[in-house]
Amino acid sequence: MRKRFLAFALASICGVWASTAMAVPLFYSPTDQPGTLFEDNDLDFFVDNDDNGVISEGDYLYSAVEFSFAKDQTNDVKYSLNEEGDELVAWTAIKVEKIVTDFSDPEFGAWFGTIDDATPMVSVYTGGPINLDTIAGDPTMAAAEAAVKDGTFLWAFSVTDDPDTMWQFIPTSLSAYDPTEVAKAGSSSPVGTMRFALEQVNGDPIFLPITLDTTFFTFGDSFGDDLVHLRGSGDILGGQGLTYAFARSDVDVEVNPVPEPGTMILLGSGLLGVAGVSRRRKKKA
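Notes on the structure follow.

Across its full length, the protein carries four helices and 14 strands. Sorting the 285 residues of the protein into buried and exposed places 44% on the buried side. The contacts in the protein between residues at least 6 apart in sequence include a share of 69% that link residues at least 24 apart. Put simply, the protein shows about 14600 Å² of open surface, and 57% of that area lies on carbon and sulfur atoms.

Following this line, the structure appears as structure tokens:
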């Protein structure tokens, strides 16, 4: 009876893992530091909510994100993405909540973002009939969003009530506030830097919390436990040559997944084997 129960339990766990498996590998780190680092390339769109022609509080920033490869915790490239069957893409929705532009303020030029109403800040998908590569040249915002969301939903991350979560952008000049100037800048010309720390709000809960070091927050300190599910940083680049998107971005995203259930099964079987040997030895004694 015990053997049957064990076999059923293992088969059930394997079945659950198979039903949620995907082609994209995730690398686990035994510490609280990220295990998987994703490199991405984004197309950024601007919605002028107050129709004043510049980026200001209350405006919206959207991005179509295409992850190009996965790296392990040593920063070595381990897997190239965007191939048939393992496309990993995301849609980001950010509301510019606060902009500090006072030269006397130590937070000069800092933008702080929150979620676009009830929409998570980052929604991740895989697969789908439309490969984002095929329209990456110059899609409309609607076409880019459709290409991202046509696949299978995986996870969502967002700014939450957790005081560790945040989205920050630091422009390199005041021209970053003018979307027409950003659109004129070259694709290799940074107009500012961005960093974010988010909590998982939907999807399979397969990520462990990772620690924010003391240098992660550009302005101010964390007021929480310094733990989040996702963190990232990178550059916002000019949108020269694009018709609909006004900018591009190059960002690294970091997560740390839990160990694969398959690994846990092997470990559990090994421990059960040791326990069996121990019992047999006791009986002989």
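After that view of the structure, there is still more to cover.
Moving on, we get to the environment of Leu37. Relative to the elements of secondary structure, Leu37 occurs in strand 1 (residues 36-47). Along the sequence, Leu37 and Arg231 sit 194 residues apart, while their C-alpha atoms lie 9.7 Å from each other. Apart from residues lying up to four places away in sequence, Leu37 is in contact with Phe69, Ala70, Lys71, Asp72, Gln73, Asn75, Val253 and Glu254.

Attention now goes to empty space enclosed by the protein. Scanning the model with the defined rule gives one cavity of 30 Å³ or more in all. By volume, the largest cavity amounts to about 440 Å³. Around the largest cavity sit 37 residues that line it, and Asp42, Ser63, Thr92, Ile94 and Met194 are the ones nearest its centre. Here the residues of the lining of the largest cavity sort into 31 nonpolar, three polar and three charged.

Time to look at the nonpolar core. Ranked by size, the top nonpolar core spans 42 residues in total, and within it Phe38 and Trp167 carry the most contacts. Ranked by residues supplied to this core, first place goes to strand 4 (residues 88-100) with five residues. If we skip the residues at most four places from it in the chain, Trp167 touches Leu61, Ile94, Trp111, Phe112, Gly113, Met121, Val159, Met194, Arg195 and Phe196. Core analysis: the next-biggest nonpolar cluster, separate from the first, contains 15 residues, Leu43, Tyr125, Val148 and Ala245 among them.

Turning our eyes to something else, we now look at the packing of aromatic side chains. The full count for this structure, using the stated rule, is 10 aromatic pairs. Between Tyr62 and Trp91, the aromatic rings sit 6.1 Å apart at their centres with planes inclined by 20°, giving stacked as the arrangement. With Tyr62 in strand 2 (residues 60-71) and Trp91 in strand 4, the pair connects residues that are 29 residues apart, well separated along the chain. Grouping residues by exposure puts Tyr62 and Trp91 together as buried. On the numbers, 4.9 Å between centres and 80° between planes, the contact of Trp155 with Phe207 is edge-to-face. Taken together, the residues Trp155 in strand 7 (residues 152-158) and Phe207 in strand 10 (residues 207-208) connect sequence positions 52 residues apart. Like Phe207, Trp155 is buried. Three or more aromatic residues joined by ring pairs make a cluster, and in this case those are Phe45, Tyr60, Tyr62 and Trp91.

Rules used throughout
Residues numbered from 1 in each chain as written. Predicted model: local features only at pLDDT ≥ 70, side-chain atom pairs only at ≥ 80, totals over all residues. Heavy atoms only, no water. Helix = DSSP H or I, 4+ residues; strand = E, 2+ residues; numbered from the N terminus. Buried < 20%, exposed > 50% of the residue type's maximum accessible area, 1.4 Å probe, protein only. Contact = heavy atoms within 4.5 Å. Areas by Shrake-Rupley, 256 points an atom, 1.4 Å probe, with all protein chains shown as cover. 1 Å grid on protein atoms, 1.4 Å probe; cavity = no way out; pocket = protein on both sides within 12 Å on 5 of 7 lines; lining within 4 Å. Points joined across faces, edges and corners; volume = space filled by probe spheres on them. Nonpolar A, V, L, I, M, F, W, Y, C, P; charged D, E, K, R; others polar. Core = buried A, V, L, I, M, F, W, Y, C linked by side-chain atoms within 4.5 Å. Phe/Tyr/Trp six-rings, centres within 6.5 Å; stacked < 30°, edge-to-face > 60°.

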